[in-house]
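Architecture at a glance
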Amino acid sequence: MEPLYDPSAVERRWQQTWEAEGLYAAGAGHRRAESFVICVPPPNVTGELHMGHALNGSMQDVLIRWHRMQGFDTLWQPGYDHAGISTQNVVEKQLVAEGTSRQEIGREAFVARTWDWLERTGRTIIVQYRRLGASLDYARERFTMDDDYVRAVMTFFVRLWERGWIYRANRIVNWCPYHETAISDLEVEHVEKDDTLYRIVYPFADDGTAAGDGGLTIATVRPATLLGDTAVAVHPDDPRYADAVGREVVVPVVERRVPVVADDRVDPEFGTGAVKVTPGHDPMDFEIGRDHDLLTLTVIGPDGRMVAEGFEGLTQAEADTRILAWLEERGRLESREPYRHSVGTCERCHTRIEPLVSPQWWCRMDDLGAPAIEALRERRVRFHPESQHRFAIESLEQAPDWCISRQLWWGHQIPVWTCENGHQVSAWPPPEACAECGSGALERDPDVLDTWFSSALWPLATLGWPDETPELERYYRGDVNVTAREIIRLWENRMIFTGLFLRGEIPFTDVIITSTILAADGRRMSKSLGTGVDPMEPIGAHGADATRYGLLKISSTQDVRYSVGAIEEGRKLAIKLWNVSRLILQQTEGSEPAARPSALEERWILARLDAAREAVEEAWSRFDFSAATSVMYHLTFDDFCDWYAEAVKPRLYDRDEDARATALAALERLLALLHPLMPHVTEEIWSSLPDRKARLIVSSWPEADASYADALTELDRVQEAARVFRRSGVRVALEGDEERRVFEAVVRPERQRAEGDADAERDRLRKEIARAEGMLSNERFVANAPADVVEGERAKLERYRGELALLGG
């Protein structure tokens, strides 16, 4: 072994070796019939690794490596999503920079251009996953636009069509005027915007004065939309407008008579409590309009410009100016005031979203979603943490019909054809004639499917569905899915109901919702804000093992702040492990690993290793990666390096054969326990151990061994004596030569020049005990302080009492 550990050289070499030797492949090293399957959440083909991916990938790789070592037939499925609007946005910007557009070059040329760009610049993220040490089966890489995947998507659509669950209807959607397409809620980015709130008078049509002195005053930040108003709404319990409900008011500028309606959805605290209702351009207004049978008017077009009579082609700002001038001239504009509010924008182009009623394709959710709700209620699929499980159920119960169409060119074109007689057919492969009238003049719908429609098939299509492949039979259903809470509705739930619909089986049993990694200052990580951190930076500086360790250490069920300190701790741990391994290997040349403990520290470390194995297995089984990381840190740094290695070192130097064999056996077990967490450094050290028959990545996970369980706490007195001595210089009387030998070897008390004051130390401990007892007897502290703080105080109290007892106090 080299004197200094260099992660950059070691990690790249093992990444190449593992993959070249087929050790990432499905089934590598399996020794049992059960499979363990994870499908990586397919990243955008245009994307690069960010901290969320790095944390997500580290969690998945820990589980995959752990189960691979346990002998499971593991499959970690890689691949990409075609990322409809994201990819199209990039290519469209290139065309604009070249002085042209997708409309000018046409659909066929645009799609060809997109494929060419992806071949040249896409798929970066899989290279970055390799640098993380992710043991994906890279040979099985899939893409949602592969020919076979397209066939799966088309087949899925046709089956839904045959059930009667696909239909076309005019509904209000999130509309991006730049891309001129509907987009999902996830693709809407809400930003704070400074606007002006205008108070405008709508006079009563009958010129009465019973309410509002001849009219109602409404408040709006979008005067241009009043051209599409078809009602004014008030809350039914608002006494200010009790006499106004049922009457009519006149919409300014267009002079349209519209009713005043009462509706529970109106917020009496907003503005004047009376709101204009524009069903064609506001989601809540659309619902109000539907429930009150109001007319739906469109006054803003797909490009965001006005289409209302007399305002055609104007921008909304230009229309605002004309409307406000009209209102001021007639005394209808009561006031204007600054107003800050959240505005939806397209996350790709940052254009303001326009709620727009447009004809779209929809999928009914009642029958499709019901089996998934049942599976969640019966906990056949479990979300972690529990709060996200409740959210998953609620979001399915409340799910509206799914808008599955997008007005894009990059994606899966909807397999619906219309003949010259108006008949529609959905089939795959594409039909040659109308199934109803036989006409061969068929025109395919130009829309493409929502990207999440194809993503819902990921656990199935990656295994060959709709064909009944051996892989599908072997690896479906899977086991775990790891993702972010933002896409529970959009992806997780949809994979569940898709699997149940197409196969009658859930796609996985457990869903881990990861914490969001914030910047160190608590703001969200963002390139535009300058708060983003490229995972390749800490990997380059400290190594992949250290980066994985640091991210898993800070992982939680809550949002967490990025900590370079946690990654640096991982680097220090790798170096500590390297150094202690080098020491043992240097002193055990010619020996073979064999547990032959004959001394206190050997029985103790074997007991500690088995206890750590049990704790890590329990933590990983409940997906508590932070707890498992903490266990492995203390086992390696404290137990193995600081206590066991220091205690056994003199015996190694004396060439005690039992000590040498046991040291190798203990190191062997430590490396195996650490491997899922820090795979590269452990594999490198493992390769230096004598008589290696297999790589560590496919070697056996340590089996339970209770042979030395009674030695688990046999060093407690020695460790308490060490704490007392290091803090106060006071020597504690220990029982037996073994305890004294270990104390001398580890603590080296001969280096202490002055004798400690035992009486002073006893007094200090009594005060600490009194303080801790006082805190723990305070019911408010116990009830309100964080659980880890309370447990910390209890642990300190127990430690103080033990140390005082050692001092005869």
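Here the structure is a predicted model, which means the values were calculated and not measured.

Within the protein, the regular secondary structure consists of 27 helices and 25 strands. Long-range pairs, those at least 24 residues apart, make up 78% of the contacts in the protein between residues at least 6 apart in sequence. Approximately 34400 Å² of the protein is accessible, and the part contributed by carbon and sulfur atoms is 46%. When the 96 positive and 135 negative side-chain charges of the protein are each reduced to one mean point, those points stand 5 Å apart.

Once that is clear, we can look at the sheet that holds strand 7 (residues 188–203). Spatially, the 3 strands line up as an open sheet ordered 8-7-13, and their pairing is antiparallel. The strands lining the two open edges of the sheet, one partner per strand, are strand 8 (215–220) and strand 13 (333–346). Here the strands of the sheet are splayed against their neighbours by 20° on average, with no regard to which way each runs. Of the strand pairs in this sheet, strand 7 and strand 8 are connected by 6 bridges, and their pairing is antiparallel. In the sheet register, R199 faces strand 8, and the bridge partner there is A219. Across the face of the sheet, helix 9 (residues 316–329) comes into contact with strand 7 and strand 13 while running at roughly 160° to strand 13.

This paragraph deals with the pairing of strand 10 (residues 248–251). The sheet contact formed by strand 10 and strand 11 (residues 256–262) spans 4 bridges and is antiparallel. Directly across from E248, in strand 11, lies its bridge partner P259. Between strand 10 and strand 11, which pair antiparallel and follow one another directly, the connecting turn spans 4 residues, one of which, V253, has a positive phi of 70°.

Here the focus is the side chain of E602. Within the secondary structure layout, E602 lies in helix 19 (residues 600–621). Owing to a relative accessible area of 0%, E602 belongs among the buried residues under this scheme. In this structure the side chain of E602 is engaged in a polar contact, spanning 3.0 Å, whose partner is the backbone nitrogen of A599. Ignoring any residue separated from it by four or fewer positions in sequence, one finds E602 in contact with R596, P597, Y644, V648, R651, D658, A659 and T662.

A word on the pattern of salt bridges. Counted by the stated rule, this structure contains 68 salt bridges. Between D642 and K576 there is a salt bridge, with its nearest N and O atoms 3.1 Å apart. On the criterion of sequence distance, the pair formed by D642 in helix 20 (residues 625–653) and K576 in helix 18 (residues 564–587) is long-range, its members being 66 residues apart. On the accessibility criterion, D642 (28% relative accessible area) is partly exposed. On the basis of relative accessibility, which here comes to 26%, the residue K576 falls in the partly exposed class.

Moving on, we get to the sheet that holds strand 6 (residues 181–183). Paired through their backbone hydrogen bonds, the strands of a sheet run either parallel or antiparallel. Taken together, 4 strands build an open sheet; the order of strands is 6-5-14-16 and the sheet is antiparallel. Both edges of this open sheet fall to strand 6 and strand 16 (402–403), since each of them pairs with a single strand only.

For any pair of aromatic rings, the description rests on two quantities: the centre-to-centre distance and the angle between the ring planes. Taken as a whole and assessed by the stated rule, the structure comprises 25 aromatic pairs. With a centroid separation of 6.3 Å and 50° between ring planes, the pair formed by F156 and F501 is classed as tilted. Of this pair, F156 sits in helix 7 (residues 147–163) while F501 sits in helix 15 (residues 488–503), and the two are 345 residues apart along the sequence. Joined through ring pairs, the aromatic side chains of F156, F157, W161, W165, W361, W402, F453, F497 and F501 make up one cluster. The ring of F204 is capped by R247, whose NZ or CZ atom sits 3.8 Å from the centre of that ring.

One can describe the packing of helix 19 onto helix 20 by two numbers: an axis separation of 10 Å at closest approach and a directional angle of 170°. For the element pair helix 19 / helix 20, the angle class is roughly antiparallel. Taken together, the residues of the contact of helix 19 with helix 20 sort by class into 19 nonpolar, no polar and 5 charged.

With that settled, consider the pairing of strand 12 (residues 274–277). Here strand 12 shows a buried face lined by A274 and K276 and a second buried face lined by V275 and V277. Relative to strand 12, strand 9 (residues 231–234) runs antiparallel, the two sharing 4 bridges. Along strand 12, the bridge assignment pairs V232 with K276.

Okay, the environment of Y24 next. Turning to its location among the elements, Y24 is positioned in the loop between helix 1 (7–20) and strand 1 (35–39). Classification of Y24 as buried rests on a relative accessible area of 4%. For Y24 and L136, which are 112 residues apart along the polypeptide, the C-alpha to C-alpha distance reads 5.9 Å. The residues touching Y24, leaving out its near neighbours within four places in the chain, are Q15, W18, E19, R65, R68, G133, A134, S135, L136, D137, Y138 and I697.

Of note, Q128 is situated in helix 6 (residues 124–132). With a relative accessible area of 9%, Q128 lands in the buried category. Among all residues touching Q128, those that are not within four sequence positions of it are E48, L49 and M536.

The end-to-end C-alpha distance of helix 21 (residues 657–674) is 26 Å, a good match for the 26 Å that 18 residues give at a rise of 1.5 Å each. Of all 18 residues that make up helix 21, 15 are buried, and the element is covered over most of its length. For helix 21, the capping residue at the N-terminal end is D656, with a side-chain oxygen 3.0 Å from the backbone nitrogen of D658.

Within the largest apolar cluster, 134 residues are counted, with the highest numbers of intra-cluster contacts made by L63, Y129, F625 and F640. Ranked by residues supplied to this core, first place goes to helix 20 with 14 residues. If we ignore the near neighbours within four places in the chain, the residues touching Y129 are V40, P43, L49, H53, G57, A134, L136 and Y138. By size, the runner-up hydrophobic cluster in this structure holds 56 residues, among which are L457, W458, I488 and F501.

Conventions used here
- Residues numbered from 1 in each chain as written.
- Predicted model: local features only at pLDDT ≥ 70, side-chain atom pairs only at ≥ 80, totals over all residues.
- Heavy atoms only, no water.
- Helix = DSSP H or I, 4+ residues; strand = E, 2+ residues; numbered from the N terminus.
- Contact = heavy atoms within 4.5 Å.
- Areas by Shrake-Rupley, 256 points an atom, 1.4 Å probe, with all protein chains shown as cover.
- Lys, Arg positive; Asp, Glu negative; His and termini not counted.
- Charge placed at Lys NZ, Arg CZ, Asp CG, Glu CD.
- Pairing = 2+ DSSP bridges.
- Axes fitted to C-alpha atoms, helices over the stretch in contact; angles between N-to-C directions.
- Buried < 20%, exposed > 50% of the residue type's maximum accessible area, 1.4 Å probe, protein only.
- Polar contact = N/O pair within 3.5 Å; in protein donor to acceptor, adjacent residues only side chain to side chain.
- Salt bridge = Lys/Arg side-chain N within 4 Å of Asp/Glu carboxyl O.
- Phe/Tyr/Trp six-rings, centres within 6.5 Å; stacked < 30°, edge-to-face > 60°.
- Lys NZ or Arg CZ within 6 Å of the ring centre and 35° of its normal.
- Parallel < 35°, antiparallel > 145°, perpendicular 65-115°, else oblique.
- Nonpolar A, V, L, I, M, F, W, Y, C, P; charged D, E, K, R; others polar.
- Expected span 1.5 Å × (residues − 1).
- Core = buried A, V, L, I, M, F, W, Y, C linked by side-chain atoms within 4.5 Å.

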